[in-house]
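Structure at a glance
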Amino acid sequence: MSAEAGHAALARIGDDPHRAYVSLLEEPLAGAPDGPLAGLTLAVKDNLAVRGARLTCASRLLEDHVAPYTATVVERALAAGATVVGKANLDEFAAGSRGERSAFGATENPAAPQRVTGGSSSGCGATLAAGHVDLALGTDTGGSVRAPGAYCGVAAFKPSYGRLSRWGLVDLAMSLDQPGPMARDTAGVAALYDALAGPDPRDPTTLPGAPEPASPRVAAPELDGVRLGVPVSLPEGVDDAIERAFRGACDRLVGAGAVAVELTLPDAKDALATYYVTNYAEFASGMQKFDGTIFGAPGLASRELLGPEVKRRILLGTYITAKGQRSAWYDRARRARAALEHRWAALFETADLVLTPTMPTPPPRRGEHPSPLEEYAADVLTVHANLARIPAGTVPLPTTDEGPMGLQVLGPAGCDAAVLEAMAAYEEVRA
Amino acid sequence: MLGRPPRPHPCRSGFSASNHARPVTSELDVARIARLANLPLTEDEETALRAACAQLLDAFSLADVPDEETPGRPCPTFEDAPVPWPEEGIEAILAAFPKREGRLLET
């Protein structure tokens, strides 16, 4: 789709029936005339800064905030030729897994009407599934590009921590966040990843050295002899249809030359607990800057505008980092995280890559209002990659009557191109 | 003998301790924490958050369990595993920043 056609398609949708966007740019922001992404349209999640455009994080608190600068990853996409068309909807401050927590309305899933898009990069998934843009740039803290990727039937990738710059990203949890490329296929994801990856002097957490380009490997994927780790059992709560589709995908990859290696995943309950304790602590810390001094209305009045999930996380994060509680919660979670990283490093001594379903169920129905614990349980297979700082991507499994599902590929830290290659290999053998 | 006897290695002892430091979440003082967090809450919000937060904290307490699935590897309990950013590391980072003089908002 050309940039002109892409924006025309967006203009035609008028009132944005899927609520995929918080704002469309009045004029698309055209990138360089040449480059690997020239002519491709890009939606940017509205927690990434684009100079002169609103940066709301889907929160009333930042409803009128205009970004004074552009995030490094967006600058690089523009330099590679992409055309930015709008700011995509999300769960408020990226704190959600279903795409129903935006202050500007829940996103609708074009690939599965009446079912959630997944979150928090809900608008990115929806606008890709609707065919309005070629590429989307989300962010992933515990599965936030992979959940909408799986539920909307598109490809999405969470790189190794530090592979993409976080400069210009409004953080949810700074030690877990990574920008994440999304597209309708892995080739699109790899093209966007290649354009964005690499060190950034403005983000000291970026990894040094030039990353291996993924696109050449994705163009001719090769799995001969690659050891794919396949869990003997999946965590409690994984839907039967998901498990059947997942096992079928593993068989197809083995048929393409890969070697299956049985393994046991690290404990799911500990991973979720470690993830959420870390998330609460870092989120509460990061949210202190929204105190009315620079952002929002003066004083603390603007914090009344925050949604219930955001308030819950701030409250819990403040509690578990307070004097007298910190060692029992936050320090303990940091140690648990180190133990989990150790477990994943051990798994990658016996397997080159690990496969799991992306989400434990097909997309849930909208408006079900699960308890926070029930909502968090959907992250059980995705939080591992963020805690262990390793790359993970999702690619669609065959769609069922209940909506799209995803196959997740995880790899050792720094092996981003290998993960994308395996995703592309599955696309070639998928029925 | 001086001091306490060494704790048996968890892999050999089958050690599985509960989180002794786990707080009593039913006594969560939401109003006090909200003040610490600069978070204005209505009474209804306080009530709803008290129940939800207690449930979440109960679910997310981390107990030490031995790593029995990777024989031959060191057994990192949550107490024994290294903290990714040790206190000295954090102090070194903070020391690298120039000291702030005066109040930030004074001109």
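Residues numbered from 1 in each chain as written. Chains lettered and ligands numbered in written order. Predicted model: local features only at pLDDT ≥ 70, side-chain atom pairs only at ≥ 80, totals over all residues. Heavy atoms only, no water.

1. Considerations on the side chain of Glu 282 of chain A
Residue and element names in this part refer to chain A. Note the threshold: Elements are defined by DSSP. Helices are runs of H or I of four residues or more, strands are runs of E of two residues or more, and each kind is numbered from the N terminus. Each residue gets one of three labels from its accessible area relative to the maximum for its type: buried under 20%, exposed over 50%, partly exposed in between, using a 1.4 Å probe on protein chains only. When charges are counted, Lys and Arg are positive and Asp and Glu negative, with His and the chain ends excluded. Here, a salt bridge means any side-chain nitrogen of Lys or Arg that lies within 4 Å of a carboxyl oxygen of Asp or Glu. Note on definitions: a residue-residue contact is assigned when non-hydrogen atoms from the two residues lie within 4.5 Å.
When you line up the elements, Glu 282 lands in helix α8 (residues 268-286). Here Glu 282 is buried and forms no salt bridge, its nearest opposite-charge partner Arg 337 lying at an N-O distance of 4.7 Å. For Glu 282, the residues in contact, after removing those within four places along its chain, are Leu 172, Ala 173, Met 174, Ser 175, Leu 176 and Tyr 330.

2. Examining the packing of α8 of chain A against helix α9 (residues 308-320) of chain A
Residue and element names in this part refer to chain A. Our working definition: Geometry is summarised by axes, namely lines fitted to C-alpha atoms with helices restricted to the contacting stretch, and by angles between N-to-C directions that run from 0 to 180 degrees. Here the angle decides the label: under 35 degrees means roughly parallel, over 145 means roughly antiparallel, 65 to 115 means roughly perpendicular, and every other value means oblique. Any residue that is not Ala, Val, Leu, Ile, Met, Phe, Trp, Tyr, Cys, Pro, Asp, Glu, Lys or Arg is counted as polar, Gly included; the first ten are nonpolar and the last four charged.
At a minimum axis separation of 7 Å, α8 and α9 run at an interaxial angle of 95°. On the basis of the axis angle, α8 is roughly perpendicular to α9. The segment α8 lies against α9, with Tyr 276, Val 277, Asn 279, Tyr 280, Ala 281, Phe 283 and Ala 284 engaging Val 310, Arg 313, Ile 314, Leu 316, Gly 317, Thr 318 and Ile 320. Among the residues forming the contact of α8 with α9, the class breakdown is 10 nonpolar, 3 polar and 1 charged.

3. Some remarks on the nonpolar core
Residues and elements named next belong to chain A. Selection rule: As used in this record, nonpolar core signifies buried Ala, Val, Leu, Ile, Met, Phe, Trp, Tyr and Cys residues forming a set joined through side-chain atoms within 4.5 Å.
Counting residues in hydrophobic clusters, the biggest one holds 131 residues, and the most contacted among them are Leu 42, Val 74, Phe 93, Leu 315, Trp 344, Leu 407 and Leu 420. In terms of residue count, α8 provides more of this core than any other element does, 10 residues in total. The contacts of Val 74, once residues within four sequence positions are left out, are Val 44, Ala 49, Val 50, Val 84 and Leu 137.

4. Structural notes on the environment of Pro 364 of chain A
Position of Pro 364 of chain A among the secondary structure elements: in the loop between β9 (353-357) and α11 (372-377). In this structure Pro 364 of chain A touches Arg 98, Arg 115, Val 116 and Tyr 151 of chain A, once residues within four positions along its chain are discounted.

5. Focus: the sheet that holds strand β3 (residues 83-88) of chain A
Consider a sheet: its strands pair through backbone hydrogen bonds, and that pairing is either parallel or antiparallel. Residue and element names in this part refer to chain A. Let me state the cut-off plainly: Pairs of strands are assigned from DSSP output, requiring at least two bridges between the strands.
Here 11 strands make up an open sheet; going across it, the order is β1-β3-β2-β4-β6-β5-β10-β11-β9-β7-β8 and the pairing mixed. The sheet is open, and its two borders are formed by β1 (21-29) and β8 (259-263), each paired with just one other strand. Averaged over neighbouring strand pairs, the angle between their axes works out to 25° when direction is ignored. Across 2 bridges, strand β5 (residues 155-158) lies against strand β6 (residues 178-183) in antiparallel orientation. By the bridge assignment, Ala 156 is partnered in β6 with Met 182.

6. So, unusual backbone geometry
The general pattern is negative phi for most residues beyond glycine and trans for most peptide bonds. All names here are of chain A. With an omega dihedral of 10°, the bond running from Gly 119 to Ser 120 counts as a cis peptide bond. Its location among the elements puts Ser 120 in the loop between β3 and α3 (122-129). At Arg 19, a residue that is not glycine, the phi angle is positive and equals roughly 50°. With respect to the element layout, Arg 19 can be found in the loop between α1 (3-13) and β1. Look at Arg 19 and you get partly exposed, because its relative accessible area is 29%. For Gln 114, which is not glycine, the phi torsion reads 75° and is therefore positive. By secondary structure assignment, the location of Gln 114 is in the loop between β3 and α3.

7. Focus: the packing of helix α2 (residues 72-79) of chain A against helix α5 (residues 186-196) of chain A
All names here are of chain A. Where we set the bar: Crossings are classed by handedness, with left-handed meaning an anticlockwise turn of the near helix from the far one by less than a right angle and right-handed meaning a clockwise turn.
Look at α2 against α5: their axes get within 8 Å of each other, and the N-to-C directions meet at 110°. It follows from the interaxial angle that α2 and α5 lie roughly perpendicular. Here α2 runs over α5; the crossing is right-handed. Facing α2, whose interface residues are Val 73, Arg 76 and Ala 77, α5 presents Leu 192, Ala 195 and Leu 196. In the contact of α2 with α5, the residues fall into 5 nonpolar, no polar and 1 charged.

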